[in-house]
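So the chains spell out like this:
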Amino acid sequence: MRESFTAGAQRAIRRAGQLARSRGGGAVEPIDLLSALVEEGESRASALLAELGVRVEGLLPGAVEEAEIPGEDEDERDFPPHSHELRLALSDAASKARELDRSQGVGTEHLLVGLLAAGGPVADRLSRAGLRAEALMERIARSIAVDPGPIPMSEDIPAPELADPGEADDLARILDASANRAREGLRVVEDYARFVLDDPGLTRRLKDVRHRLGEGIRGLDVDRLLTSRDTPGDVGTHIMAADEGARSNARAVLVANFKRTAEALRSLEEYTKITDQWLSGRFEVLRYDVYTIEKRMMAAVVARQGLGGARLYVLVGGLPTLGDLTWVVEEAIAGGADVIQYREKGLPDRVILHRAREVRILTAQAGVRFIMNDRPDLARLASADGVHLGQEDVSVRDARRVVGPNALIGVSTHEPAQLEAAIRDGANYLGVGPVFPSETKAFDALAGLAYVRHAAEATNLPWFAIGGVDESNLDQLLDAGASRVAVSSAVVRAERPRAAASALKARLVEAAG
Ligand SMILES: Cc1ncc(COP(=O)(O)OP(=O)(O)O)c(N)n1
Ligand SMILES: Cc1ncsc1CCOP(=O)(O)O
Ligand SMILES: [Mg+2]
């Protein structure tokens, strides 16, 4: 099992053995492994501890005994045996490594995860020093998604050795076709990100995947692939699935090509298992990266279709009667609201649902989006276009299970980390605030204009500046980079809601040019 540990992890385990021996211990304990990891300043584990702000001083019980660095040929059998606790930690490390990324082996970062997961005094020490298992796992997963590490040049990768030349030829044909399909599929998807979504972030990520795919393909025996190619003799070129010949729209093209890319990567992954497990692992990483990008991109597609041109979002609720509510909704729509959110706190669910259905009718007649606040269940029952969630409402994942893949899910965010998390979770749009003091809701702190400026740089998804927004401060928001706003009191409490909405909308449209 130890061969699946990276060289750095093997070094740390050997060093732990030596530390245990030099302190006269009867067994190598988790604390020896932790000492070894902390001592090795160049390891991935040390880098992660530093990145996560964990102070290593004070992590260890006392000064680590000065022990010689073990020589390459030093026999591990001279070291004490591993304690039960350490074996637990190593096995946890291996299973977490498999869970996170099956292709890269168990590294020093996974040893750290194992030490935390195994519990006991060392895990307590790590937690007291500020290390949280979720943050560590998340950081490792992110580094895999963003930076899978260098891909060796093709000359470093041994060519496949196959005993049966006929089988080698078959394999080469499969790999050749799959490589082409993956490359082509990615290019089609990239075109959508670039020309339809106009999204530089997604385009860059797809380009990166395409580049890494190219590196992976160069790890195959490219000459062999080409010589084995026999397009006229490929029975598959003339067979077409019923839905392959026609696509109803660009979105259908996108969906089909994500599927095609993932399938082709799967084929590359499976067939390279025969000859080169390392390369197979790289294709697996790429496939997972494609799934992550697909989730993000489909969220952007739904957002663009639902909210592409939306500028003015009005939150309505807290009104005494259904008549008051429908009047304000009609006025807001007449004034140019693009989205109406029904935000009601404190009424019985049955009443909320009844009112929500009335709002649905009015918004549908006007072609305006209707979002239900807080409650995915009521959103679905009222046939709303989506639901808005705060940081304490149900998660995007759970809401998605209720409202379905095509519904809009918005998330309130108050700081950059929340914005990033909401995007990762698959939100279609974001609330950004509170920017100014609000008459509708009390806040301990304001996110302010600095956060608006951040959002303008950080995302291509639709986002709405919210919190105390009115005609008097709209220009400050526009200057900070906002192009869409969400308001409540500025319209709902206005004497003439239609005029209030109309003034805001006119300025937003003018600023959009
Ligand atoms: C568009 C939009 N942005 C933010 C919010 C606030 O949501 P939340 O933080 O869940 O607070 P409540 O509105 O539920 O009190 C919103 N509703 N809409
Ligand atoms: C619910 C909510 N969340 C952030 S600000 C806000 C209230 C928006 O209302 P107003 O426009 O009256 O400040
Ligand atoms: Mg809420």
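Residue numbers restart at each chain and count upward from 1, following the sequence in its written direction. All chains are assigned letters beginning at A, and all ligands numbers beginning at 1, according to the order in which they are written. For a predicted model such as this one, the threshold for reporting local features is a pLDDT of at least 70, and the threshold for listing and counting side-chain atom pairs is 80 or more; totals across whole chains, interfaces and linings nevertheless cover every residue. Side-chain descriptors were evaluated using all non-hydrogen atoms of the structure, hydrogens and water having been removed beforehand.

Engineer: Mind showing me how you'd approach the coordination of the magnesium ion (ligand 3) here?
Structural biologist: Where a metal carries four tetrahedral donors, each ideal angle is 109.5 degrees; where it carries six octahedral donors, the ideal angles are 90 or 180 degrees. Looking at the metal site, the magnesium ion (ligand 3) is ligated by D374 (OD) and D393 (OD), spaced 2.0 to 2.3 Å from it. One end of the pair, D374, is in the loop between β3 (369–373) and α15 (376–381); the other, D393, is in the loop between β4 (386–389) and α16 (396–403), and 19 residues separate them in sequence. Metal donors were taken as nitrogen, oxygen and sulfur atoms no farther than 2.8 Å from the ion, or 3.2 Å where the ion is Na, K or Ca. Water is excluded, so coordination may look unfinished. To qualify as a helix, a DSSP run of H or I must reach at least 4 residues; to qualify as a strand, a run of E must reach at least 2; elements of each kind are numbered from the N terminus.

Engineer: Would you explain the UniProt feature "binding site: 4-amino-2-methyl-5-(diphosphooxymethyl)pyrimidine" (unreviewed entry) in the protein in this entry?
Structural biologist: UniProt positions are given in the numbering used here, feature names are shortened, and annotations may be inferred rather than shown by experiment. With numbering aligned to this structure, UniProt lists the feature "binding site: 4-amino-2-methyl-5-(diphosphooxymethyl)pyrimidine" (unreviewed entry) at Q341, Y342, R343, E344, K345, N373, S412 and K441. Residue position: N373 is located in strand β3. Throughout, a residue-residue contact means that at least one pair of heavy atoms, one from each residue, lies within 4.5 Å. When near neighbours in sequence (up to four residues on either side) are disregarded, N373 contacts Q341, Y342, R343, K345 and H388. The topology assignment puts S412 in strand β5 (residues 408–413). Given the relative accessible area of 18%, S412 is considered buried. Each residue's exposure class comes from its accessible area (1.4 Å probe, protein chains only) as a fraction of the maximum for that residue type: buried when under 20%, exposed when over 50%, partly exposed otherwise.

Engineer: In this structure, what is going on with unusual backbone geometry? I would like to understand it.
Structural biologist: In terms of backbone geometry, most residues other than glycine have negative phi values and most peptide bonds are trans. Of note, the bond from G433 into P434 is cis; its omega dihedral lies within 30 degrees of zero at 0°. Within the secondary structure, P434 is located in the loop between β6 (429–432) and α18 (448–458). The backbone of D374 shows a phi angle near 70°, a positive value even though the residue is not glycine. A relative accessible area of 16% means that D374 is categorised as buried. A positive phi angle, close to 55°, is found at S383, a residue other than glycine. By the secondary structure assignment, S383 is in the loop between α15 and β4.

Engineer: Is there a simple way to explain the site of ligand 1 in this structure?
Structural biologist: By nearness alone, 14 residues border ligand 1, and R343, K345, D374, S412 and K441 come closest of all. We call two N or O atoms a polar contact when they sit within 3.5 Å, provided that within protein one can donate a hydrogen and the other can accept it, with sequence-adjacent residues counted only if both atoms are side-chain atoms. Take N373: an N or O atom from its side chain is 3.1 Å from an oxygen atom of ligand 1. Surface accessibility follows the Shrake-Rupley procedure with a 1.4 Å probe radius. Residue values consider only the protein chains on display as shielding. When ligand 1 is considered free in solution it has 420 Å² of accessible area, and contact with the protein chains removes 90% of it. Residues were grouped as follows: Ala, Val, Leu, Ile, Met, Phe, Trp, Tyr, Cys and Pro as nonpolar; Asp, Glu, Lys and Arg as charged; and all remaining residues, including Gly, as polar. In terms of residue class, the shell around ligand 1 is built from three nonpolar, six polar and five charged. Nearness is defined per residue: one heavy atom within 4 Å of the molecule or strand is enough.

Engineer: Looking at this structure, how should I read the nonpolar core?
Structural biologist: One recurring pattern in soluble globular proteins: nonpolar side chains tend to sit buried together. For the purposes of this section, nonpolar cores are sets of buried Ala, Val, Leu, Ile, Met, Phe, Trp, Tyr and Cys residues that join through side-chain atoms within 4.5 Å. Core analysis: the largest hydrophobic core is formed by 92 residues, its most contacted members being M297 and I340. By residue number, the principal contributor to this core is helix α12 (residues 277–307), which donates ten residues. Among the domains, domain 2 (165–303) and domain 3 (309–511) are the pair contributing at least three residues each to this core. Ignoring any residue separated from it by four or fewer positions in sequence, one finds I340 in contact with V314, V316, V329, A332, I333, V359, T363, V368, R369, F370 and I371. Note: domain ranges come from an automatic or database domain assignment.

Engineer: What should I look at first to understand the pattern of salt bridges in this one?
Structural biologist: Two side chains bearing opposite charge may form a pair once their charged atoms approach each other closely. In what follows, salt bridge is the name for a side-chain nitrogen of Lys or Arg lying within 4 Å of a carboxyl oxygen of Asp or Glu. In the structure shown here, the tally under the stated rule is 27 salt bridges. Residue E270 pairs with R266 through a salt bridge whose shortest N-O separation is 3.1 Å. Of this pair, E270 and R266 both sit in helix α11 (residues 250–272), four residues apart, which is roughly one turn of the helix. Overall, the relative accessible area of 31% leaves E270 in the partly exposed class. When its relative accessible area of 36% is taken as the criterion, R266 is described as partly exposed. The salt bridge involving E420 is made with R424; its shortest N-O contact spans 3.9 Å.

Engineer: Whenever I open this one, the packing of aromatic side chains confuses me. Can you help?
Structural biologist: Each aromatic ring pair is described using two quantities: the centre-to-centre distance and the angle formed by the ring planes. In this analysis, rings of Phe, Tyr and Trp, with Trp reduced to its six-membered ring, are considered paired at centre separations within 6.5 Å, and the interplanar angle assigns stacked below 30 degrees, edge-to-face beyond 60, and tilted for intermediate values. Applying the stated criterion across every chain, the model contains four aromatic pairs. Plain terms: the ring middles of Y313 and F464 are 5.0 Å apart, the flat faces sit at 65° to each other, and that makes the pair edge-to-face. Of this pair, Y313 sits in strand β1 (residues 312–316) while F464 sits in strand β7 (residues 463–466), and the two are 151 residues apart along the sequence. For Y313, a relative accessible area of 2% translates into the label buried. The class of F464 is buried, set by a relative accessible area of 1%. Each ring, one from Y429 and one from F464, has its centre 5.7 Å from the other, and the planes form 90°; the classification is edge-to-face. In this pair, Y429 sits in strand β6 while F464 sits in strand β7, placing the two residues 35 residues apart along the sequence. Each member of the pair, Y429 as well as F464, carries the same accessibility label: buried. Following the ring pairs from residue to residue traces out a cluster consisting of Y313, Y429 and F464.

Engineer: What is the right way to read the site of ligand 2 from this model?
Structural biologist: What surrounds ligand 2 is the set R343, S438, T440, K441, F443, I466, G467, G468, V487, S488 and S489. In this structure, an oxygen atom belonging to ligand 2 sits 2.6 Å away from a side-chain N or O atom of S438. One nitrogen or oxygen atom from the side chain of S489 is found 2.6 Å from an oxygen atom belonging to ligand 2. Coverage of ligand 2 by the protein amounts to 94% of the 370 Å² it exposes when considered alone. A class-by-class count of the residues in the shell around ligand 2 yields three nonpolar, six polar and two charged.

Engineer: Looking at this structure, how should I read the environment of R360?
Structural biologist: By the element assignment, R360 lies in helix α14 (residues 349–366). Under the relative-accessibility criterion, R360 is labelled buried at 13%. The contacts of R360, once residues within four sequence positions are left out, are V368, F370, A382, S383, A384 and D385. There is a polar contact of 3.2 Å between the side chain of R360 and the side chain of D385.

Engineer: When you look at the sheet that holds β7 in this model, what are you seeing that I'm missing?
Structural biologist: Strand pairing in a sheet relies on backbone hydrogen bonds. The paired strands run either parallel or antiparallel. Ordered in space as β1-β2-β3-β4-β5-β6-β7-β8, the eight strands form a closed barrel in which the pairing is parallel. Each strand of the sheet is rotated relative to its neighbour by a mean of 25°, with strand direction disregarded. Strand contacts of helix α21 (residues 497–512): β1 and β8 (485–487), with the helix running at about 155° to β1, the strand carrying the most contacts. When DSSP finds two or more bridges between a pair of strands, those strands are recorded as paired. Between N-to-C directions, angles span 0 to 180 degrees; the directions come from axes that are lines fitted to C-alpha atoms, helices contributing only their stretch in contact.

Engineer: Help me understand the side chain of N428, please; the structure alone is not making it clear to me.
Structural biologist: Assignment of secondary structure puts N428 in the loop between α17 (416–425) and β6. A relative accessible area of 0% places N428 in the buried class. At 3.0 Å, the side chain of N428 forms a polar contact with the backbone oxygen of A299. One polar contact links N428 to R400, side chain to side chain, over a distance of 2.9 Å.

Engineer: Looking at this structure, how should I read the confidence of the model for the protein?
Structural biologist: Residues shown with low pLDDT carry predicted positions that ought not to be read at fine detail. The pLDDT score gives, residue by residue, the confidence of the prediction method on a 0 to 100 scale. Across the protein, the average pLDDT comes to 88, with 87% of residues at 70 or higher. Reported confidences for the modelled complex are a pTM of 0.68 and an ipTM of 0.99.

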